[in-house]
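Okay, here's what each chain looks like letter by letter:
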Amino acid sequence: MVTKDANSTLAESLGKIVGSENVLLTSEARTQYASDQWWYAIAAAAAGEAISKPDVAVSPTTPEQVAQIIKLANNLHVPVTPWGGGSGVQGAANADKGGIILDLKKLNRVRAIDKRSLTCVVEAGKICKEFEAELNADGLSFTHYPASTEWATIGGSISARGSGVLSTKYGKIEDHILSLEFVTPTGELVTTPSVPRHAAGPELTQLLVGAEGTLGIVTAATVKLHNLPNQRTFVVAAFPTLKDGVEAGRIIMTSGLKPAVMRLYDAEAAAHSLARAVGSDLQLTTLVMMFDGEYSELVNHEAKIATEICQDYHASILSEDIGAVWWDKRYVFYYPPYAPELPSIWGTVDVVADFEHIEAVYEETTKAIRAACPAEFNLSLNTHFSHWYEWGSMIYARMKVPTGPADLTEAKELHDAIFRAGVEAAMKAGAVMNDHHGVGIRLAPFMPAQYGAGMDSLKRIKQALDPNNILCPGKLSL
Ligand SMILES: Cc1cc2nc3c(=O)[nH]c(=O)nc-3n(C[C@H](O)[C@H](O)[C@H](O)COP(=O)(O)OP(=O)(O)OC[C@H]3O[C@@H](n4cnc5c(N)ncnc54)[C@H](O)[C@@H]3O)c2cc1C
């Protein structure tokens, strides 16, 4: 952290780079960037104890300005925390060590669209929803649909290794990226090789994906596009047991079928969350699938085969209208009145594992989360398997404590105990500790256990690239 006078000097120097209208002084910066969407960051800010304490915030409009800001920060040894939409749920974007918040939202141009290759160069601060709307107007799609699409930026999605509701067919964000433009922690502007499938050495592009701002500032990305589909077909199936649903999902994913959406809600999530959103009475484990594409015969044929696979696993096939309503309402789960607000405690343990381990991960994680919360707090837990791969799936265990302890420290202890239990049980059962929300402050303590001896390699990469430890110091446990 820098002193008050130093803050003014820093703001003046930043103003010379970006114009004073693009610099916020301490009190405004601390108001505007008081928290991301991590429950504890929100609760602490509401209690007047914000963990995000920027000394100044700056909004560059060009990559060259980003490079100059990072050089300045190096000269002054001031920490820099990049900020996209501030929609992260792990605490990553909070300036917990003070210094500069680097808000990238003014870096928001679509620089070029190549309709022949179906690629696009988009700047990092572009909001996902705005990007998608612009592409849709031209018959195109980015196909990255996070539930936070109204806030999340392209750069934030890349940096937190995000995923959207269509990931099962179109991939996680890392699958959408061909190349990146980024500013190194010492202020050089770099562009990575133009395509990701090459044998020209290691994949530098992917080093930045999921780095949460610790290894560089993403300023633009060359991304894949798709044509908007002509056909969307829904399949909704109810299974007598979770095991049947998981097994049907495994067969679908290992058969070469490509559902764009595949969400398996356990019985609690189906009855309490999905049923409410789609307006149907659902009591059993429920699978919502959507197939899409250019050729309706192909799409409908895929849906038919997937239906038969579900029936092989004892499913009752429900009205496809439920799927269509789900599609229309796919984001409502994450906003009031569905989404929790203070004084609740909430959060998601989202972990990923292969099919060999996935059921044990589900059993152990949900059991540990429930056991970690004293009965008096009435924890609710809704779990779904929402991003599927050819080799496994992610598990999204969404917990809520309606009213936690009034004291912030006690509330945090309860939150941490529930998370620790869930994450440790998941990892012990064979999962990787996160699928698409990133690490942030919340999961940083688990990094050494996740990486083992590999943690030393990560730290050495960080030290080599960022000798002054300017970018997000302490984040990712680096
Ligand atoms: C209601 C809700 C629903 C959500 N649903 C989803 C979902 O469906 N899928 C999903 O993946 N996530 C989801 N999230 C989590 C969140 O939206 C994602 O993590 C998202 O990718 C964060 O993007 P952002 O632009 O808001 O990044 P921020 O929160 O601003 O930042 C995230 C991290 O990236 C760093 N960063 C930001 N921009 C850059 C950059 N240009 N260069 C380098 N580092 C950078 C920040 O320092 C921070 O470490 C949800 C969150 C909420 C609140």
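Preceding block: the structure.
Residues numbered from 1 in each chain as written. Predicted model: local features only at pLDDT ≥ 70, side-chain atom pairs only at ≥ 80, totals over all residues.

## Quick word on the overall build of the protein
At step 1: When its secondary structure is counted, the protein shows 17 helices and 18 strands.
At step 2: In summary, the protein has a C-alpha radius of gyration of 22 Å against a globular reference of 23 Å for 478 residues, a match within 12%.
At step 3: Taken along the three principal axes of its C-alpha coordinates, the protein extends 70 × 60 × 40 Å.
At step 4: Residues classed as buried in the protein amount to 50% of the 478 residues present.
At step 5: When contacts within the protein are restricted to residue pairs at least 6 apart in sequence, long-range pairs at least 24 apart make up 72% of them. (Helix = DSSP H or I, 4+ residues; strand = E, 2+ residues; numbered from the N terminus. Rg over C-alpha atoms; globule rule 2.2 N^0.38 Å. Buried ≥ 20, exposed ≤ 12 C-beta atoms within 10 Å, placed from the backbone. Contact = placed C-beta atoms within 7 Å.)

## Points about the site of the ligand
At step 1: Around the ligand sit 38 residues, and of these Gly84, Gly88, Gly155, Gly156 and Gly162 come closest.
At step 2: Looking at the shell around the ligand residue by residue, the classes come out as 16 nonpolar, 20 polar and 2 charged. (Near = placed C-beta within 6 Å. Nonpolar A, V, L, I, M, F, W, Y, C, P; charged D, E, K, R; others polar.)

## Quick notes on helix H11 (residues 267-278)
At step 1: All of the buried residues in H11 are Ala267, Ala269, Ala270, Ser273, Leu274 and Val278. An end-on view of H11 places all buried positions within 160° of arc, on one side of the element.
At step 2: On its buried side, H11 packs onto strand S13 (261-265), strand S14 (285-293), helix H13 (320-328) and strand S17 (380-385).
At step 3: Glycine 279 sits one or two residues past H11 and shows a positive phi near 70°. (Arc of directions from axis to C-beta.)

## Points about helix H5 (residues 128-136)
At step 1: For H5, the full list of buried residues reads Cys128, Phe131 and Leu135. Mapping the buried residues of H5 onto a view down its axis gives an arc of 65°, with all of them on the same face. Facing away from the buried side of H5 by more than 90 degrees, the exposed set consists of Ala133 and Asn136.
At step 2: Next to the buried residues of H5 lie strand S6 (119-123), strand S7 (140-141) and helix H6 (154-159).

## A look at the pairing of S6
At step 1: Where strand S5 (residues 110-114) meets S6, 4 bridges bridge the pair, whose relative direction is antiparallel. Within the sheet, the bridge partner assigned to isoleucine 113 lies in S6 and is cysteine 120.
At step 2: Here S5 folds back onto S6, and the loop between the two strands holds 4 residues, one of which, leucine 118, carries a positive phi near 55°. (Pairing = 2+ DSSP bridges.)

## So, the sheet that holds strand S15 (residues 316-318)
At step 1: Taking strand neighbours across the sheet as the criterion, the 7 strands line up as S15-S12-S14-S13-S17-S18-S16 in an open arrangement whose pairing is antiparallel. Strands at the two margins of the open sheet, each flanked by one partner only, are S15 and strand S16 (345-354). Ignoring strand direction, the axes of neighbouring strands in this sheet form an average angle of 20°.
At step 2: Bridge count between S13 and S14: 5 bridges; the pairing is antiparallel. Bridge pairing in S14 places leucine 264 opposite leucine 287.
At step 3: Against the sheet, helix H10 (residues 242-254) touches strand S12 (231-239), S13, S14, S17 and strand S18 (392-401), its axis set at about 20° to S14. (Axes fitted to C-alpha atoms, helices over the stretch in contact; angles between N-to-C directions.)

## Focus: the nonpolar core
At step 1: Counting 140 residues, the largest nonpolar core has Val56, Ala221 and Met289 as its most contacted members.
At step 2: Sort the elements by how many residues they give to this core and helix H15 (residues 408-428) lands first, with 7 residues.
At step 3: The residues touching valine 56, leaving out its near neighbours within four places in the chain, are Asn7, Leu10, Ala11, Leu14, Val23, Leu24, Leu25, Thr26, Ala29 and Ile100. (Core = buried A, V, L, I, M, F, W, Y, C linked by C-beta atoms within 7 Å.)

## Re the pairing of S16
At step 1: Along S16, 8 of the 10 residues are buried, which leaves the element largely enclosed by surrounding structure.
At step 2: Bridge count between S16 and S18: 10 bridges; the pairing is antiparallel. Looking at S18, one finds that threonine 348 is bridged to arginine 398.

## Re the sheet that holds strand S3 (residues 80-83)
Hydrogen bonding along the main chain pairs the strands of a sheet, whether they run parallel or antiparallel.
At step 1: With mixed pairing, the 4 strands of this open sheet are ordered in space as S1-S2-S4-S3. Each edge of the open sheet carries a strand with a single partner, namely strand S1 (23-24) and S3.
At step 2: Pairing geometry for S1 and strand S2 (residues 56-58), over 2 bridges, is antiparallel. In the strand pairing of S2, valine 23 is matched with valine 58.

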